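# Descriptive analysis of the structure
Listed here are the chains, written in short residue letters.
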Amino acid sequence: FPSHDKGGAVVNIEVLPVGQVFVETLADNTIRYTYNGQVLDPANLSHLKLCDIAGRATGLGAIQSAKKDIQNAIDVREYAIEFFSDGAVPSGILSTDQHLNADQADALRTRFVETQQANTPAVLSNGLEYQALTLSPKDLQWLEARAFSVQDISRIFGVPASFLLASSGDSQTYANLETINRAFVNFTLMTYFGCIEDAFSALLPLGVNAKFELDAFLRGDTASRYNAYESGIRAGWLTRNEVRQWEGLEPLTNLENITNGITTQGI
């Protein structure tokens, strides 16, 4: 939602909270935007949609399109939490080949539980046998299901599993992590950044484009960066002060060090 000065130039851009903007399609197929009870002028509003569907006033995001998958992940987590407090799985089974009525079964169960609480050896008679029902910690926590849920969420949003501290089964080295970062920018972030850059560029003077600065995120290791800097300086399209600015260093004041190309002082 941009604000303009008297000359029509954009002086401020306000991002409106999605949850507070009500979008509706009117009878004449025009779209009305309402924010905090105020009807907004569509001509002075840029509505960005991640996935634009024909005939739909709003876009479709990852959360809306994968609602059931996300709910399944929440259900698995809640079940694992409630299993310990409200679970109906018994800790063990007392069995006998003799017929027991309800009162006898209750009395035997009560005696056995009291014995276990007193931390004394259990004495079983009348052919009673006790079989403990145990689950491994892995089964109790539903670790495999929850791990799959994390990987499923990473796929829904296009985020590498390693970013969510989830194992993807592949060994992670610096080289492939750098490749993962680059793929994350190109195939995930640029999906969002592209429409945002276009919207900002449309508000700027003709010939001026808005771009996200991603060099810090994509910067390689020290040796790779230095080799790239050297190549740029040798080719003449990069200056030392530009390199120093990217590396967070103070600019050089010696004119001999500022010029492009190779100087007598070396690279």
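For the structure itself, consult the block above.
Residues numbered from 1 in each chain as written. Predicted model: local features only at pLDDT ≥ 70, side-chain atom pairs only at ≥ 80, totals over all residues. Heavy atoms only, no water.

## Quick word on the packing of aromatic side chains
Throughout the structure, instances matching the rule amount to three aromatic pairs. Ring plane angle 75° and centroid distance 5.0 Å describe the contact between Phe163 and Phe184, whose orientation is recorded as edge-to-face. A residue pair is termed long-range when its members are at least 10 positions apart, and Phe163 in the loop between helix H5 (143-157) and helix H6 (174-203) and Phe184 in helix H6 qualify at 21 residues. The exposure class assigned to Phe184 is buried, which follows from its relative accessible area of 12%. Arranged with centres 4.0 Å apart and planes meeting at 20°, the rings of Phe193 and Phe212 form a pair that is stacked. Within this pair, whereas Phe193 is found in helix H6, its partner Phe212 is found in the loop between H6 and helix H7 (215-218), the two being separated by 19 residues in sequence. Taking relative accessible area as the criterion, Phe212 reaches 37% and is therefore assigned partly exposed. (Phe/Tyr/Trp six-rings, centres within 6.5 Å; stacked < 30°, edge-to-face > 60°. Helix = DSSP H or I, 4+ residues; strand = E, 2+ residues; numbered from the N terminus. Buried < 20%, exposed > 50% of the residue type's maximum accessible area, 1.4 Å probe, protein only.)

## A closer look at helix H8 (residues 222-235)
End to end, H8 covers 20 Å across 14 residues, agreeing with the expected 20 Å (1.5 Å per residue, within 8%). Within the sequence span of H8, burial applies to Arg225, Tyr229, Gly232 and Ile233. All buried residues of H8 project into a common sector of 95° when viewed along the axis, lining one side. Across H8 from its buried face, at more than 90 degrees, point the exposed residues Arg234 and Ala235. Contacts from the buried residues of H8 go to helix H9 (240-246). (Expected span 1.5 Å × (residues − 1). Arc of directions from axis to C-beta. Contact = heavy atoms within 4.5 Å.)

## Quick look at the pattern of salt bridges
Two side chains with opposite charge may pair up if their charged atoms get near one another. Here the structure, examined in full by the defined rule, presents four salt bridges. Across the pair Asp152 and Arg155 runs a salt bridge, and its minimum N-O distance is 3.6 Å. Taken together, the residues span about one helical turn, with Asp152 and Arg155 both in helix H5 at a distance of three residues. Under the relative-accessibility criterion, Asp152 is labelled buried at 18%. (Salt bridge = Lys/Arg side-chain N within 4 Å of Asp/Glu carboxyl O.)

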